[in-house]
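# Survey of secondary and tertiary structure
As a plain string of letters, each chain reads:
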Amino acid sequence: MTDAFTDAARLRDLLKTWANHAAFPLWWSVGADHAGGGFFETIQQSGEAIDSPRRGRVLPRQIYAFAAARDLEWTGPWREAVDHGLRYYLDVYRRPDGLFRALVGPGGVALDDSAALYDQAFAMFALANACAATGRSDLRDIAVSVRETLFATLKNPLGGFNESAPTDPPLHSNPHMHLFEACLAWNAIDSDPAWRALADEIAQLALSKFISPETGALREFFDDQWNPAPGVAGRIWEPGHQYEWGWLLLRWGQLAGRPDATAAALRMIDLAETKGVDPERGVGMNAMLDDMTVHDAGARLWPQTERIKAGVLAAQVTGEDRWWGVAVEGAEGLLQYLRTPVPGLWRDKLKPDGAFVEEAAPASSFYHVVCAIVELDRGVTAAS
């Protein structure tokens, strides 16, 4: 085995230990609202949960994390945690039309009844993973209902979907990425061809509209014709999303037999590595512009997790050892964020000067961290 792969295996063991002996126990014992239902949005760095309004995009992420705990061999009550989250999510967040609302307050009071595409993508993703983990067939029917309602209410005639209102630009690539992820998750466990068809549509939209043919970077914001948004907004690309889209397009390229998607994905990952990583801090930065200048030198936690996933799968698809090095550097960057006074928490925002923003640990990051550990574990195991 190469040095890079050996390092990847060592870091896999370290991160699995952190997840199974610190993070999962803490986010279940403290992060779950055992009295009122659901999960809290944040845990203070001192270890106490904060009760605050809870976003509809965060609860399904927690459901996913505990469903994935089974794959990481956590011996704790992962099934109880999944059922706990599902019960509250389906009871409190689901609207009469079957879509999921954006925000509820303590006690389950609806604070924002809107149903954005981003939130529905995470609903379908969580339902897929919970279905795979628990075998609950009713979750499929709920996910199909969400999918069909999206087609009826938010479908864009030029491809993809509007984020919310049909005539409210800019359009966004980011929710399509999570919708793509949800479709791939369902396609793996459900014979319904509509999942694969929607995944194919999103992949083609990314290849034809989202990715700049000049730079290879995937853009974030668009006008109502899927052209780059005017001004600075249309020039922004995010290193974290190059990794994340790259990982998804590598998966789809293998599934669909599309070497063009594989080539585009590898170009995106390489672009993030060469232009979007700060060598001094060893982390992927938040945002760049199309002339390759830095737009936001801060570095949130989640781009580091996506760097791991992209590196692992690129190594497997290409057989090239250098991609294991990408995964290793991503894992080493991530570890900076996990060094907290209370084990199992994290820092979320690294400033340009190398100091972390002092704030509570957001539950929303758990999905990213767990998914990266699952992918690293899968890749290392497959290559061993």
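In case you missed it, the structure is sitting above this.
Residues numbered from 1 in each chain as written. Predicted model: local features only at pLDDT ≥ 70, side-chain atom pairs only at ≥ 80, totals over all residues. Heavy atoms only, no water.

### Points about the packing of helix α10 (residues 302–318) against helix α11 (residues 322–338)
To be explicit about the condition: In this analysis, axes come from line fits to C-alpha atoms, helices being fitted only over the stretch in contact, and the angle between any two N-to-C directions falls in the range 0 to 180 degrees. Note on conventions: DSSP H or I runs of at least 4 residues are helices, E runs of at least 2 residues are strands, and numbering of each starts at the N terminus. An angle below 35 degrees is treated as roughly parallel, one above 145 as roughly antiparallel, one from 65 to 115 as roughly perpendicular, and anything else as oblique. Left-handed describes a crossing whose near helix is turned anticlockwise from the far helix by less than a right angle; the clockwise case is right-handed. It only takes one pair of heavy atoms within 4.5 Å for two residues to be counted as in contact. For this classification, Asp, Glu, Lys and Arg are treated as charged, while Ala, Val, Leu, Ile, Met, Phe, Trp, Tyr, Cys and Pro are nonpolar and the rest, including Gly, are polar.
Between α10 and α11, the least distance of the axes is 7 Å, while the angle of their chain directions is 165°. In this view, α10 runs roughly antiparallel relative to α11, as classed from their interaxial angle. Crossing geometry of α10 relative to α11 is assigned as left-handed. When α10 is examined against α11, the residues Q304, T305, R307, I308, G311, V312, A314, A315 and T318 are found in contact with a partner set consisting of W323, W324, V326, A327, E329, G330, A331, L334 and Y337. Of the residues belonging to the contact of α10 with α11, the class tally is 11 nonpolar, 5 polar and 2 charged.

### Description of the packing of aromatic side chains
Heads up, the condition is: Each Phe, Tyr or Trp ring, with Trp reduced to its six-membered ring, pairs with another whose centre is within 6.5 Å; inter-plane angles below 30 degrees give stacked pairs, above 60 give edge-to-face pairs, and intermediate values give tilted ones. Exposed residues in this analysis have more than 50% of their type's maximum accessible area, buried residues have under 20%, and partly exposed residues fall in between, with area computed by a 1.4 Å probe over protein chains only. Criterion for a charge above a ring: Lys NZ or Arg CZ within 6 Å of the ring centre, and within 35 degrees of the ring normal.
Using the criterion set out here, one finds 29 aromatic pairs in the structure. Plain terms: the ring middles of F122 and F125 are 6.4 Å apart, the flat faces sit at 85° to each other, and that makes the pair edge-to-face. Here F122 and its partner F125 are both found in helix α4 (residues 117–134), 3 residues apart, which amounts to about one turn of the helix. Judged by its relative accessible area of 1%, F122 falls in the buried class. Residue classification places F125 among the buried positions, given a relative accessible area of 5%. Grouping aromatic residues by their ring pairs yields a cluster made of W18, F24, W27, W28, F39, F66, W74, W346 and F366. The residue whose ring lies beneath K155 is F161, and the NZ or CZ to ring-centre distance is 5.2 Å. One residue, K309, lies across the ring of W247, its end atom 4.0 Å from the ring centre.

### Some details on the pattern of salt bridges
The following threshold applies: Basic side-chain nitrogens of Lys or Arg form a salt bridge, by our definition, when they fall within 4 Å of a carboxyl oxygen of Asp or Glu.
One pass over the full model with this rule turns up 34 salt bridges. Measuring nitrogen to oxygen at the nearest pair gives 3.6 Å for the salt bridge that ties R70 to D71. Exposure remark for R70: the relative accessible area of 34% places this residue in the partly exposed category. Taking the relative accessible area as the measure of exposure, D71 reaches 42% and is therefore partly exposed. We note a salt bridge from E359 to K349, for which the minimum N-O separation is 3.0 Å. In this pair, E359 is assigned in the loop between β14 (349–350) and β15 (361–362) and K349 in strand β14, connecting sequence segments 10 residues apart. Residue classification places E359 among the partly exposed residues on the basis of a relative accessible area of 28%. Its relative accessible area of 32% is what places K349 among the partly exposed residues. It is possible to trace a salt-bridge network through shared partners that takes in R12, D13, K16, E73 and D377.

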